[in-house]
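Take a look at the letters that make up each chain.
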Amino acid sequence: MITPAEFPYITSIHVNDCYTYQNFDIDLVKHQPFSHLILTGKNGSGKSTILKNLDLHITSLFHNNENIELNDSINKLKKEIKRLENSNPTSNQSQANDLKNILKTFGRLLITFSIQDNVYFNNRKRFIYSYLSPIRNSKVNNVLSPTKQDEFERQLTQNKTSSEYFIKNFKQFLVNRKVNQAFAQLRNNKEEIEKTNTFFEGIESIFGEIFEDKNLKLIFVEDSYEFFIQLNDGRQLTFDILPDGFSAFLSILMDLFTRLDLIRKSVGNFTYDPCGIVLIDEPETHLHLSLQYQVLPILTKLFPNVQFIVATHSPAVISSIKNVTVFDLTSKEVMSDEAVGKSFSELMVSHFGLDNEFSNVADGIFDKFNAIIKEYRGNIPQRNAKLKELLNENEKYISPTMRFELEAKLSE
Ligand SMILES: Nc1ncnc2c1ncn2[C@@H]1O[C@H](COP(=O)(O)OP(=O)(O)OP(=O)(O)O)[C@@H](O)[C@H]1O
Ligand SMILES: [Mg+2]
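Residues numbered from 1 in each chain as written. Chains lettered and ligands numbered in written order. Predicted model: local features only at pLDDT ≥ 70, side-chain atom pairs only at ≥ 80, totals over all residues. Heavy atoms only, no water.

A. Molecular detail of the overall build of the protein. Scanning the protein from terminus to terminus reveals 14 helices and 12 strands. Overall, the C-alpha framework of the protein stretches about 90 × 65 × 35 Å when taken along its three principal axes. Relative to its full complement of 412 residues, the protein shows a buried share of 48%. Summarising the internal contacts of the protein: among those between residues at least 6 apart in sequence, 71% fall at separations of at least 24. Summed over all atoms, the accessible surface of the protein reaches about 20,600 Å², with 50% contributed by carbon and sulfur. (Helix = DSSP H or I, 4+ residues; strand = E, 2+ residues; numbered from the N terminus. Buried < 20%, exposed > 50% of the residue type's maximum accessible area, 1.4 Å probe, protein only. Contact = heavy atoms within 4.5 Å. Areas by Shrake-Rupley, 256 points an atom, 1.4 Å probe, with all protein chains shown as cover.)

Rendered as structure tokens:
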């Protein structure tokens with residue numbers, strides 16, 4: 001088992017080129033044992049490019065390149081490719097191509113880890129790693145019969161991340177778990193029965209948080225290998241009729257839950273909290289504001305030793321967790337935990353680059369208000385009549401804060 005002190009968390013990313021911007025560093029704040037990273041920035045600023053390249057970079061460390069030092073790698077790689085191609089171009093070509101792919105990855109960005117020894121990346125059954133793209137593919141396949149667990153374990157150790165596989169086969173994974181439990185009952189294996197109960201209770205409790213329903217139950221129908229989410233109000237939902245928001249959130253969890261369970265099984269400890277790195281592009285996709293606020297707290301609670309690296313447009317996401325570095329690609333501004341203490345409207349102005357905290361409709365009212373003040377400067381009664389007219393027309397759009405700001409303008 002790897003402890004957080006031993007695991008190579010990301011401490012800094014040097015971006016050579018993310019198309020829009022070149023040559024800058026994203027230094028994570030030195031929270032212990034690691035800092036989460038939230039990337040923000042305008043559309044097209046390079047958030048997804050960075051996440052995709054982090055994925056390529058990290059997965060390239062899993063296999064075949066133990067002898068490559070992380071830093072100083074580019075020159076070494078170039079030399080090695082030349083050597084391979086010069087010494088025996090035909091037989092060495094595939095090896096040279098592999099190295100060229102790694103070079104491409106290193107070329108876009110360079111990562112510094114807390115531990116400069118990537119030996120811990122060699123055993124995929126010891127840590128969690130996943131990259132979740134912005135398109136939430138949450139379709140779960142139906143189950144025809146129980147299957148062997150080997151395929152799940154094989155997918156866990158695959159070089160390419162297989163979120164799609166884990167999400168599609170989540171129900172299969174649950175069915176296999178239930179069937180194993182039934183065998184354990186036949187053998188009267190109390191420990192195994194207990195482990196499976198804990199696993200399903202964990203799932204129910206977390207689904208309960210997402211659905212805001214403490215009494216939520218996961219019901220298994222043996223004859224059809226079907227699972228129902230039973231809600232307190234009597235509704236029974238299958239995985240394929242979930243609302244988009246829930247299914248988007250659950251798809252993240254299905255992927256990470258399956259990995260967690262397989263890793264716990266592999267180390268033989270069902271309370272183990274594996275270390276790891278998880279990249280999520282736009283975790284807020286399809287979520288209502290209150291769930292946007294919960295997505296990272298729920299994930300960091302479930303996976304306390306996992307470093308989350310996310311790209312987002314949501315002020316609710318950036319202000320939702322501690323031990324975080326928020327990096328804005330547009331301004332290159334770094335924020336640490338102070339984001340947590342800010343109101344959404346302050347964040348809109350200070351971090352998301354809006355001119356002020358008001359909506360476009362409100363901005364229009366402010367503009368008209370200012371124009372009247374300017375035009376009728378010499379005639380106060382007429383100015384007041386015009387302002388009153390404007391306020392009456394827009395009564396329903398004027399919030400208490402806005403009224404306060406408008407009144408302050410009169411005394412300027
Ligand atoms: N393979 C590519 N070749 C050339 N340009 C690319 C490639 N991939 C992305 N880009 C460009 O790089 C820029 C950054 O794109 P990226 O998708 O990373 O932005 P983003 O910050 O994730 O934006 P959004 O907030 O809209 O998701 C864009 O201008 C995009 O067109
Ligand atoms: Mg993007």
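B. Spatial organisation of the sheet that holds strand β1 (residues 10-17). Sheet architecture is open: 3 strands sit in the order β2-β1-β4, paired in antiparallel fashion. This sheet does not close on itself; its edge strands, each paired only once, are β2 (22-27) and β4 (109-113). The sheet shows a mean angle of 10° between the axes of neighbouring strands, direction not considered. Looking at chain direction, β1 and β4 are connected through 5 bridges and run antiparallel. Residue pairing in the sheet places Ile13 in a bridge with Ile111 of β4. Across the face of the sheet, helix α1 (residues 47-60) comes into contact with β1, β2 and β4 while running at roughly 65° to β4. (Pairing = 2+ DSSP bridges. Axes fitted to C-alpha atoms, helices over the stretch in contact; angles between N-to-C directions.)

C. Region of interest: the packing of helix α7 (residues 190-210) against helix α9 (residues 289-302). Contact pair α7 / α9: the axes reach a minimum separation of 11 Å and the direction vectors enclose 160°. Accordingly, the angle class assigned to the pair α7 and α9 is roughly antiparallel. By crossing handedness, the relation of α7 to α9 is classed as right-handed. Facing α7, whose interface residues are Ile206, Glu209 and Ile210, α9 presents Leu291, Gln294, Ile298, Lys301 and Leu302. Partitioning the contact of α7 with α9 into residue classes produces 5 nonpolar, 1 polar and 2 charged. (Parallel < 35°, antiparallel > 145°, perpendicular 65-115°, else oblique. Left-handed = near helix turned anticlockwise from the far one by under 90°. Nonpolar A, V, L, I, M, F, W, Y, C, P; charged D, E, K, R; others polar.)

D. Main features of the domain arrangement of the protein. We note that the domain assignment places domain 1 (10-350) and domain 2 (360-410) within the protein. Inter-centroid distance (C-alpha atoms) of domain 1 to domain 2 is 50 Å. (Domains from an automatic or database assignment.)

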